[in-house]
Amino acid sequence: MTREPSRASSEFESFVRARSPALIRSAYLLTGDQQLAEDLVQSALARTYRAWSRVERLGNAEAYTRRAMYHLQVSFWRRRRVREVYPETLPEARVDPGTADVLARRDALRQALAQLTNRQRAVLVLRFYEDRSVTETAEILGCGIGTVKSQTAAALKRLRSETFDLEQFAERHLV
Amino acid sequence: MNSRLHDDMSDLASEAKSPDLYDRVLATSRRQLIRRNSIAGLAAVVAISGGVIGVGAIAGPADPGPAPTAFEGDGEDLRGRLFDAFVSPNLNVYTLLSRTHGSEPTEVAKLTGVVTQSPRLSPDGSQLSWLSLDEDEPGAPHTLMIRDLASGEDTEITGGIPAAATGCVNPTWTLDGSRLFVDRGDDASDGRYGFIDIATEEFTPLPGFRGCDPRMAMVSDREVVYSIDETEVYVSGLGDDATATPIADALAAEGLRADYLTAVSNDGELACVDTDEIDAPDGRTGSWDCDLIVEIETGTVVDLADLGDWSANETVFNHPAGLILHLREKGDDGYTIDTLTLTGRDGSILAEADWFLPSDEFESLFVGYRS
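Calculation criteria
- Residues numbered from 1 in each chain as written.
- Chains lettered and ligands numbered in written order.
- Predicted model: local features only at pLDDT ≥ 70, side-chain atom pairs only at ≥ 80, totals over all residues.
- Heavy atoms only, no water.
- Salt bridge = Lys/Arg side-chain N within 4 Å of Asp/Glu carboxyl O.
- Buried < 20%, exposed > 50% of the residue type's maximum accessible area, 1.4 Å probe, protein only.
- Pairing = 2+ DSSP bridges.
- Helix = DSSP H or I, 4+ residues; strand = E, 2+ residues; numbered from the N terminus.
- Core = buried A, V, L, I, M, F, W, Y, C linked by side-chain atoms within 4.5 Å.
- Contact = heavy atoms within 4.5 Å.
- Polar contact = N/O pair within 3.5 Å; in protein donor to acceptor, adjacent residues only side chain to side chain.
- Axes fitted to C-alpha atoms, helices over the stretch in contact; angles between N-to-C directions.
- Parallel < 35°, antiparallel > 145°, perpendicular 65-115°, else oblique.
- Left-handed = near helix turned anticlockwise from the far one by under 90°.
- Nonpolar A, V, L, I, M, F, W, Y, C, P; charged D, E, K, R; others polar.
- Phe/Tyr/Trp six-rings, centres within 6.5 Å; stacked < 30°, edge-to-face > 60°.
- Lys NZ or Arg CZ within 6 Å of the ring centre and 35° of its normal.

## Quick look at the pattern of salt bridges
Taken as a whole, this structure holds 25 salt bridges over all chains when the rule is applied. With a shortest N-O distance of 3.0 Å, Arg132 of chain A and Glu130 of chain A are connected by a salt bridge. Judged by its relative accessible area of 17%, Glu130 of chain A falls in the buried class. Note that Arg192 of chain B is salt-bridged to Asp186 of chain B, the shortest N-O span being 2.8 Å. With relative accessibility at 30%, the residue Arg192 of chain B sits in the partly exposed group. Taken together, the shared-partner salt bridges in this structure form one network comprising Arg19, Glu62, Arg66, Glu130 and Arg132 of chain A.

Below is the structure:
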């Protein structure tokens, strides 16, 4: 016997299918790893599923999921570190200079983000990728506005001092 | 610049693939529900049976052999008091729970995560330390707090811990639970690293200390502190400079490098270290914090072949029969499973507890064990 899917289940399914791509993109920036990003979104969605009747009633399913996702990633008590493996050398394929510029800049940003703490990374993703205000970012991360500002400043400072040069990178000759 | 950063991040994010997660999410929820019910069922069985038998004892004669069972007996078990902690979403509250086999978990402390950092349970499970932050002044010194878990009374230790000093050396309990090892920052006039007596607040400097991740041990009736600086594991004691252990050289010979000192046994014989070279099972690039058990005196890696391709989230050495690993493994269905495993010093598996998070909201982390 096949059980008919409930209305709530089918609405949750629609929500997952519609919002997973965007959630995974944010999670990818947070973790720097496809598998970890999927795990992170999966864990956050599992929590949303259990609270579905409540969050659906309140109309804040995506906000709830994102909040769970960011809290999972920056939980202050969990020294869970994410590492990324980079090739020792870049492949020597001949590429169009324009394409090479994009790829090199992407790789530089990836490596620069990896130097940040989970909280700094979360603040940058919320502020500059998701274009959230300071207040919204503080609300999602469950911290004060002052913390968001100080973490943003620290993250940008560190980003500038690492391999990713925000202003000058585009001027470099890459091939 | 912000627009450029947005564009760059969008470009990087475009690399991410978007698999269909719906079935995986449902399976995760179902698995957690099943596991929660299993633990509740086990608790009921044990209570009815007088609290001394495990699931192995109630299995029928046709059941397969002596596979490790949750909370089995003979002294090589996990029947002491387990402590685990979790953070609830949205509220960011740190909750410490304790449980014994066959009992419901008991909440023993709850801290507000927004202003709390680095909670640490004392070795005997009677006290909890943490750093209290001033949310409005992120750069202000943190206040070292201690809660007596029996009375619920909080004590503030005079003298702040500089915000910049945390992260590498977090306040760490001595084995007897009488002092905390702290980093008081460069500006401390009577020494940067050392022990604070929680009863008298007397500070005893340990000038020879170097590195991060302090771990306490008693070696030949002498209190020592192990630590890691880059890849080198050091040991230091009162009146001594830090001395390098053979661990880094021994691991280097195997092509390995330790970068985090996860735990050290109370007698200073074994350590658990994290390495960059070993990934979590299934080739994931993320890694948990404990990849190798090594003999400190020789740097030899202890063979834990019985565990297969393992990587632990946390390790506790103070079980009389061996060490307890909080393992996170990939199940046959591809999903992760948390297990506590009691492993003898010969690498054999003595007991396993397929323990489960008491919360619907967050996964909990094993933080302590008391016999």
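## Regarding the sheet that holds strand 14 (residues 232-237) of chain B
Residue and element names in this part refer to chain B. Reading across the sheet, the four strands line up as 12-13-14-15 and stay open at both edges, with antiparallel pairing between neighbours. Only two strands of the sheet have a single neighbouring strand rather than two, namely strand 12 (212-219) and strand 15 (243-244). Taken together, the six bridges between strand 13 (residues 222-229) and strand 14 define a ladder with antiparallel strand orientation. Paired with Tyr226 across the strands is Val235, a residue of strand 14.

## Focus: the sheet that holds strand 10 (residues 193-197) of chain B
Strand pairing in a sheet relies on backbone hydrogen bonds. The paired strands run either parallel or antiparallel. Residues and elements named next belong to chain B. Read across the sheet, four strands follow the order 8-9-10-11 without closing on themselves; strand pairing throughout is antiparallel. Each edge of the sheet is formed by a strand with only one pairing partner; in this case those strands are strand 8 (172-173) and strand 11 (203-205). Of the strand pairs in this sheet, strand 10 and strand 11 are connected by three bridges, and their pairing is antiparallel. Bridge assignment links Phe195 to a residue of strand 11, and that residue is Thr204.

## A word on the nonpolar core
Formed by 53 residues in total, the largest nonpolar core has its most connected members in Tyr70, Leu113 and Leu124 of chain A together with Met9 of chain B. Top contributing element to this core by residue count: helix 1 (residues 7-31) of chain A, with nine residues. When sequence neighbours within four positions are dropped, the list of residues in contact with Tyr70 of chain A reads Ser26, Leu30, Ala122, Val125, Leu126, Glu130, Ile140 and Leu141 of chain A. Judged by nonpolar contacts, the second largest core, of 16 residues, contains Ala217, Val224, Tyr226 and Ile296 of chain B.

## Details of unusual backbone geometry
Residues and elements named next belong to chain B. Although it is not a glycine, Ser220 adopts a positive phi angle of roughly 50 degrees. Checked against the element boundaries, Ser220 lands in the loop between strand 12 and strand 13. Unusually for a residue other than glycine, Asp221 sits at a positive phi of about 60 degrees. On the secondary structure map, Asp221 appears in the loop between strand 12 and strand 13. Under the relative-accessibility criterion, Asp221 is labelled exposed at 77%.

## Structural notes on the environment of Asp20 of chain B
Among the secondary structure elements, Asp20 of chain B is positioned in the loop between helix 1 (2-13) and helix 2 (22-48). Note on Asp20 of chain B: relative accessible area 44%, which makes it partly exposed. At 2.8 Å, the side chain of Asp20 of chain B and the side chain of Arg17 of chain A are in polar contact. Separated by 3.0 Å, the side chain of Asp20 of chain B and the backbone nitrogen of Tyr22 of chain B make a polar contact.

## Overview of the packing of helix 6 (residues 118-129) of chain A against helix 7 (residues 134-141) of chain A
Residues and elements named next belong to chain A. Relative orientation of the contacting elements helix 6 and helix 7 amounts to 135 degrees, with a least axis distance of 9 Å. Judged on the interaxial angle alone, helix 7 and helix 6 are oblique. Viewed along their axes, helix 6 and helix 7 form a crossing whose handedness is right-handed. Residues Ala122, Val123, Leu126 and Arg127 of helix 6 form the contact with helix 7, whose own contacting residues are Val134, Thr137, Ile140 and Leu141. For the contact of helix 6 with helix 7, the residue count by class is six nonpolar, one polar and one charged.

## Digging into the packing of aromatic side chains
Two measures describe an aromatic ring pair: the distance that separates the ring centres and the angle between the ring planes. As enumerated under the stated definition, the model contains seven aromatic pairs over all chains in all. A ring pair is formed by Phe12 of chain A and Phe15 of chain A, whose centres lie 6.4 Å apart and whose planes are at 40 degrees; its orientation type is tilted. Of this pair, Phe12 of chain A and Phe15 of chain A both sit in helix 1, three residues apart, which is roughly one turn of that helix. Taking the relative accessible area as the measure of exposure, Phe12 of chain A reaches 0% and is therefore buried. Classification of Phe15 of chain A by relative accessible area gives buried; the value is 11%. Each member of the aromatic cluster is reached from another via a ring pair, and the members are Phe12, Phe15 and Tyr49 of chain A together with Tyr22 of chain B. Over the ring of Phe203 of chain B we find Arg184 of chain B; its NZ or CZ atom is 3.7 Å from the centre of that ring.

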